[in-house]
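# Coordinate inspection notes
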Amino acid sequence: KSTLNGQPCPQNLIRDFTQHLILIHGQHQQITLLKNDTQREVLDAFSGLQDKVKQLNDYHRQWQKLQQELNEITKKIPQRDAELDLLNFQLTELQQANIQKEEWLQLMNEYKKCQQAKGLITDISQALEMTTNHEGSNASQLVQNALNQLNNIDLDDSELNNIRELLNTASIYLQEAGDGLTQFRDSLDLKPEKLASIESRLQLIQDLARKHHTQPESLHEIQLSLQQKIVSLEHIEESFNKLNWLY
């Protein structure tokens, strides 16, 4: 019974494995010369041909790669016209859709904003009232009132001057925040036709993504891939002749 790392295994596996671990000398060692691989290795070593053997192996791998590429192209040539028609149809469909990079993510954000527009407008309007718009009790006016009170103090003190500067900066930031909130609120569109337009565009992109078995955000890359495949098929004879010459 033979084991390797405590696991039962056949004798031939033990024999192959031990050749890489230990060198065994015995009265029947010459039996290994009956193996074709051993004979070739001994002959190559004796003749000093190891480098040339390595080079020959590299050439053989390159030849196999060329053979594989040539076989693939040979299979494609009879089906080229049909495949070109399909690829051109798919590419035209994507070009007509004119899908832009990252358009899906932008549309999804717009869609969410449209769905949430009513609630957003209410929340932003309340924040705007608290920041700048409410008469007499908004944050901007309260900060300005505090600054006016400090300005009434006739005292040149560095610490007090620093507080005045902080309040003045806060007042400026609050005004900018109020302007930003106003601009954002006005950009929200509650028109039903805008939401319908976004939904229609999202559906188109989703349908195309399903056709190409990909994610909607990857359609731009699919279009580039189709263009490359078309160019490759249009020049397939040139590739075939080049590989055939190298082969």
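Residue numbering note: each chain is counted from 1, following its sequence as written. Reporting in this predicted model follows two pLDDT cut-offs: at least 70 for local features of residues, and 80 or more for side-chain atom pairs to be given and counted; totals over whole chains, interfaces and linings ignore these cut-offs and use all residues. Side-chain calculation: all heavy atoms of the structure are included, whereas hydrogens and water are not.

This brings us to unusual backbone geometry. Positive phi is not limited to glycine here, since N98 has a value of about 55°. One can find N98 in the loop between helix 4 (80–97) and helix 5 (103–115). For E102, which is not glycine, the phi dihedral falls at a positive 65°. Each helix is a run of H or I in the DSSP string that is no shorter than four residues. Each strand is a run of E no shorter than two, and both are numbered from the N terminus. Along the chain, E102 turns up in the loop between helix 4 and helix 5.

Within this scheme a cavity is a closed region of a 1 Å grid, computed over the protein atoms alone, that accommodates a 1.4 Å probe without allowing it to escape, whereas a pocket is open but has protein on both sides within 12 Å along at least five of seven lines; lining residues each have an atom within 4 Å of a point. Grid points are joined across faces, edges and corners, and a volume is the space filled by probe spheres set on the points. Here the structure, examined in full by the defined rule, presents one cavity of 30 Å³ or more. Computed from the structure, the largest cavity encloses a volume of approximately 50 Å³. In terms of lining residues, the largest cavity is bounded by I99, Q100, K101, E102, E103, W104, P216, E217, L219 and H220.

It is worth spelling out the environment of L142 at this point. Within the secondary structure, L142 sits in helix 7 (residues 139–151). In this structure the C-alpha to C-alpha distance between L142 and S171, which are 29 residues apart in sequence, comes to 9.1 Å.

A fitted line through C-alpha atoms serves as each axis, taken over the contacting stretch for helices, and the angle formed by two N-to-C directions is quoted from 0 to 180°. Direction vectors running N to C along helix 7 and helix 8 (residues 158–187) enclose 155°, while the axes themselves pass 9 Å from each other. By the criterion of interaxial angle, the relationship of helix 7 to helix 8 is roughly antiparallel. Note on packing geometry: the crossing formed by helix 7 with helix 8 is left-handed. Counted together, A139, S140, V143, Q144, A146, L147, L150 and N151 of helix 7 and L160, I163, R164, L167, N168, A170, S171, L174 and Q175 of helix 8 form the full contact between these two elements. Grouping the constituent residues of the contact of helix 7 with helix 8 by class yields 10 nonpolar, six polar and one charged. For classification purposes, angles smaller than 35 degrees are called roughly parallel, those larger than 145 roughly antiparallel, those between 65 and 115 roughly perpendicular, and all remaining angles oblique. With the far helix as reference, a near helix turned anticlockwise by less than a right angle produces a left-handed crossing, and one turned clockwise produces a right-handed crossing. By the convention used here, residues are in contact when the closest approach between their heavy atoms is within 4.5 Å. Charged residues are taken to be Asp, Glu, Lys and Arg, nonpolar residues to be Ala, Val, Leu, Ile, Met, Phe, Trp, Tyr, Cys and Pro, and polar residues to be all remaining types, Gly included.

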